[in-house]
Amino acid sequence: MKISVVIPACNEAEGLSLILPAIKALAIADEILVINDGSTDNTLAVCEANQVRVVSHPYTMGNGATIKTGAREAHGDLLVFMDADGQHAPEDIPRLLARIDEGFDMVVGARSHTCHTSLFRKYGNYLYARIASQMTGYNIKDLTSGFRVVKADLFRKYLYLLPNGFSYPTTITMAFFKSGFPVAYEPIKVRQETGDSHIHILKDGFRFFLIILKIGALFSPMRFFLPISAGLALIALAYYGYTYHTAGRFTNMGALLFLSSLFTFLIGMLAELVSALHYKDAEKESIHRRLYNPDE
């Protein structure tokens, strides 16, 4: 199987100058593809010096958009995604590729909790993984890692789900779990990234909230909406008991709480049906692969 290493890059000349020679020295990639996301530094010059293929965006479109461009442009059967800032060690690529030979469709480089450069990032990623594990029933060791190997044909099936900005790893991981495509986690060590940290407490806190919503929406909406509906119903019952005891009647606020619980439940049911439509071809794909690729 041909291997394409896809590296999204926006102003990452320093990091690329370190990792590109290391990847070439491994001599395992049939193609090294850098997606230049509107860089204004020497990113292009570094790529030219290392003689790797480059596809450039005319302006900065976001990490997710860069990943989608890389998936469309890559020629390999296996896609190796890694960050351009130097935190991922190219020497770990063979270990991730070896897990594909064991029958997995995607292998994620899982960072240990000691790898993160800030407490916010450390505990944020730990919390992502724990919540996702509870909602999916799988032991998700690292939900947001950008270092992974994946079969190109399966990855491209879900390009329309990927956001142009933040959280593409969350989306694609949930899509694979929901579709029943096996995912493995391989421990990696993360090196100190080059450049300044882009972590912002308020902005990334909001992103965390969106990731939690996305986990629920992509994998099992009812697991997300049902507890909220039940909580609203309990509050409504408690409020009704209070108002009946103090005023001897059923108030408008009580009615509103009961209706909110009902509407939340119905939204969850609808979201469950919509979510299932995203994966309606997954079984067909599995049957096709068993028939035409019996050795996989």
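See above for the structure.
Treat the numbers as computed from the prediction; the structure is a model and nothing was measured.

Enquirer: Could you clarify how one ought to interpret the nonpolar core in this entry?
Expert: Generally speaking, nonpolar side chains in soluble globular proteins are found buried as a group. Leu-79, Phe-81, Phe-155, Ile-172 and Phe-176 are the most contacted members of the largest nonpolar core, which has 34 residues in total. Going through the elements one at a time, strand 2 (31-37), helix 3 (63-73), strand 4 (78-81), strand 5 (106-111), helix 5 (119-136), helix 6 (152-157), helix 7 (168-179) and strand 7 (183-188) are the ones with two or more residues in this core. For this core, the element with the most residues is helix 7, which contributes six residues. Residues in contact with Ile-172, not counting those within four places in the same chain, are Met-106, Arg-148, Phe-155, Tyr-158 and Leu-162. Within the second largest apolar cluster, 28 residues are counted, among which are Ile-7, Ile-23, Ile-93 and Leu-97.

Enquirer: Would you explain unusual backbone geometry in this entry?
Expert: For residues other than glycine, phi is negative in most cases, and the peptide bonds are mostly trans. At Ala-27, a position not held by glycine, the phi torsion is positive, near 55°. Following the sequence through the fold, Ala-27 ends up in the loop between helix 1 (13-26) and strand 2. The phi dihedral of Gln-51 falls on the positive side, at around 55°, and the residue is not glycine. Along the chain, Gln-51 falls in the loop between helix 2 (43-49) and strand 3 (53-57).

Enquirer: Just checking my understanding: could you explain the pattern of salt bridges for this structure?
Expert: For side chains of opposite charge, pairing can occur when their charged atoms come near one another. On inspection of all chains with the given rule, the structure shows eight salt bridges. With a shortest N-O distance of 2.6 Å, Arg-111 and Asp-142 are connected by a salt bridge. With Arg-111 in strand 5 and Asp-142 in the loop between helix 5 and strand 6 (148-151), this residue pair connects regions lying 31 residues apart in the sequence. For Arg-111, a relative accessible area of 12% corresponds to the buried category. The exposure class assigned to Asp-142 is buried, which follows from its relative accessible area of 3%. Connected via shared salt-bridge partners are Asp-92, Arg-95, Arg-99, Glu-102 and Glu-186.

Enquirer: Would you mind showing me how to read helix 3 here?
Expert: Across the 11 residues that make up helix 3, a large majority, eight, are buried. Those residues of helix 3 that fall on the buried side of the exposure criterion are Gly-64, Ala-65, Thr-66, Ile-67, Lys-68, Thr-69, Gly-70 and Ala-71. Where the residues of helix 3 are buried, they touch strand 1 (3-9), strand 2, strand 3, strand 4, helix 6 and helix 7.

Enquirer: Before we go on, may I ask you to explain the packing of aromatic side chains in this structure?
Expert: Each aromatic ring pair is described using two quantities: the centre-to-centre distance and the angle formed by the ring planes. Per the counting criterion, the structure on display carries nine aromatic pairs. Where Phe-176 meets Phe-181, the ring centres are 5.6 Å apart and the plane angle is 65°; that geometry is what we call edge-to-face. Here Phe-224 and Phe-225 contribute two aromatic rings whose centre-to-centre distance is 5.2 Å and whose plane-to-plane angle is 90°, an arrangement assigned as edge-to-face. One aromatic cluster is present, built from ring pairs that chain together Tyr-240, Tyr-244, Phe-250 and Phe-258.

Enquirer: Would you mind showing me how to read the side chain of Arg-148 here?
Expert: The topology assignment puts Arg-148 in strand 6. No salt bridge is formed by the buried Arg-148; its nearest oppositely charged neighbour, Asp-142, is found at 6.5 Å. Within the structure, the side chain of Arg-148 is placed 3.0 Å from the side chain of Thr-173, a separation counted as a polar contact.

What counts, and at which threshold
Each residue is numbered by its place in its chain's sequence as written, counting from 1. Residue-level local features of this predicted model are given only where pLDDT is at least 70; pairs of side-chain atoms are given and counted only at 80 or more, and the full residue set underlies all totals for whole chains, interfaces and linings. To obtain the side-chain values, all non-hydrogen atoms of the structure were used and water was disregarded. The nonpolar core is taken to be a set of buried Ala, Val, Leu, Ile, Met, Phe, Trp, Tyr and Cys residues, with the residues joined through side-chain atoms within 4.5 Å. Any residue under 20% of the maximum accessible area for its type is buried, any over 50% is exposed, and the rest in between are partly exposed; the area is computed with a 1.4 Å probe on protein chains only. Segments assigned H or I by DSSP are reported as helices when at least four residues long, segments assigned E as strands when at least two residues long, and all are numbered from the N terminus. The contact definition used throughout considers only heavy atoms, calling two residues in contact when any of these lie within 4.5 Å. For this analysis, a salt bridge means a side-chain nitrogen from Lys or Arg found within 4 Å of a carboxyl oxygen belonging to Asp or Glu. Any two of the Phe, Tyr and Trp rings considered here, Trp counted by its six-membered ring, make a pair once their centres fall within 6.5 Å; the pair's planes then place it as stacked at under 30 degrees, edge-to-face at over 60, or tilted in between. By the counting scheme adopted, Arg and Lys are positive, Glu and Asp are negative, and His together with the chain ends is not counted. Pairs of N or O atoms within 3.5 Å make up the polar contacts considered here, provided that, within protein, one atom can donate a hydrogen while the other can accept it, and that residues adjacent in sequence are counted only when both atoms are side-chain atoms.

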